[in-house]
Amino acid sequence: MTAVIETPEMAVDLVAFDSMGARSMCTYIETKDVRITIDPAVALAEKRFNLGPHATEVERMGQLAERIRRRAMGSDVIIVTHYHYDHHDPGDAVPLDIYGGKTVLIKDPKNRINSSQGNYRAPLFLAMIKGRAKQIEVADGRRFSFGGTEIEFSDAVCHGPNSAMGYVIQTMVRRGDEKIVHTSDVQGPSRQDQAEFILRNRPNTAIIDGPMIYMLGYAYSQGDLEASLSNIRAILAGGTKNVVLDHHFARDLTFEKYLNELREDYRDAKIGTAAELMGMEDDLLEARRRELHKGG
Ligand SMILES: [Zn+2]
Ligand SMILES: [Zn+2]
């Protein structure tokens, strides 16, 4: 497969990301022991620039949903890091069949969760997959072994600079010397407790929900941005060689400026969006929504 990492220990496919044209952080990781899909879902912004999704985005979401479906069907383990529709899907774009016979490792639906996810989305979704999955386990702060592969989760951390949007769990997959971390929606990471999981584990590869630059000056402060960039620099200085910055980061066309600054300072590392690390062109459809609608 086309993979961002391909070593004897692990192959990683960045399945669907905002840099590919719709909201997602879906990641597939395959080792000799186990096949894992993290967050098999994709969604579009209901409103951006006061505009609904363009037909091009709807079509792209369908294509990415099909990629996600195939990867998830071929997995043994499915991970759900929180209950937003770009991370879990109650059967809209990606069918619930993907959960059939799977081990599903989930964000705790009862503790450290906000009310919309805890009272509504999580119970609804879990009721839907209950009869299909082989096993459903709360994963927060826990470690699971599959042969020589370990999957370890952080404690729940804030979804962004504060807990208004709830909490997420971060995932680390390790086999031998190969370690990969998927941060889920940390939006930076601007907070020390979010960065800690990566800094402590020193993964070879970090798939990071980068700074939320499209909300800069609104729901995301200059201070949040600066703290995030300094944490990302610490992660690179700690020896992480592949750094993906995407998701909230890839919703604004200024993203490239930040990537270029990091690349200049850490020349040994591969730093880019998921599309770039997969050898594809960036295609930030949501960020270009105004232009798409003007073009008809
Ligand atoms: Zn989210
Ligand atoms: Zn998200």
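Now for a look at the structure at hand. Just so we're clear, the structure is a prediction, and the values are computed from it rather than from any experiment.

So, how was this worked out
Residues numbered from 1 in each chain as written. Chains lettered and ligands numbered in written order. Predicted model: local features only at pLDDT ≥ 70, side-chain atom pairs only at ≥ 80, totals over all residues. Helix = DSSP H or I, 4+ residues; strand = E, 2+ residues; numbered from the N terminus. Rg over C-alpha atoms; globule rule 2.2 N^0.38 Å. Buried ≥ 20, exposed ≤ 12 C-beta atoms within 10 Å, placed from the backbone. Contact = placed C-beta atoms within 7 Å. Pairing = 2+ DSSP bridges. Axes fitted to C-alpha atoms, helices over the stretch in contact; angles between N-to-C directions.

This next bit is on the overall build of the protein chain. Counting its secondary structure elements, the protein chain contains seven helices and 16 strands. Relative to the compact-globule value of 19 Å for 296 residues, the protein chain shows a C-alpha radius of gyration of 18 Å, a close match. Along the first, second and third principal axes, the C-alpha atoms of the protein chain reach 45 × 40 × 35 Å. Counting every position in the protein chain, which comprises 296 residues, the buried fraction comes to 52%. The long-range fraction of contacts in the protein chain, counting pairs at least 24 apart against all pairs at least 6 apart in sequence, stands at 70%.

Taken in spatial order, the seven strands of this open sheet run S1-S2-S3-S4-S5-S6-S7, and their pairing is mixed. With one partner strand each, in any of the chains shown, strand S1 (5-6) and strand S7 (135-138) form the two edges of the open sheet. Where strand S4 (residues 35-38) lies against strand S5 (residues 77-80), three bridges are found, and the strand directions are parallel. Paired with Ile36 across the two strands is Val77, which belongs to S5. Against the sheet, helix H1 (residues 55-73) makes contact with strand S2 (11-17), strand S3 (25-30), S4 and S5, and its axis sits at roughly 145° relative to S2, the strand it touches most.

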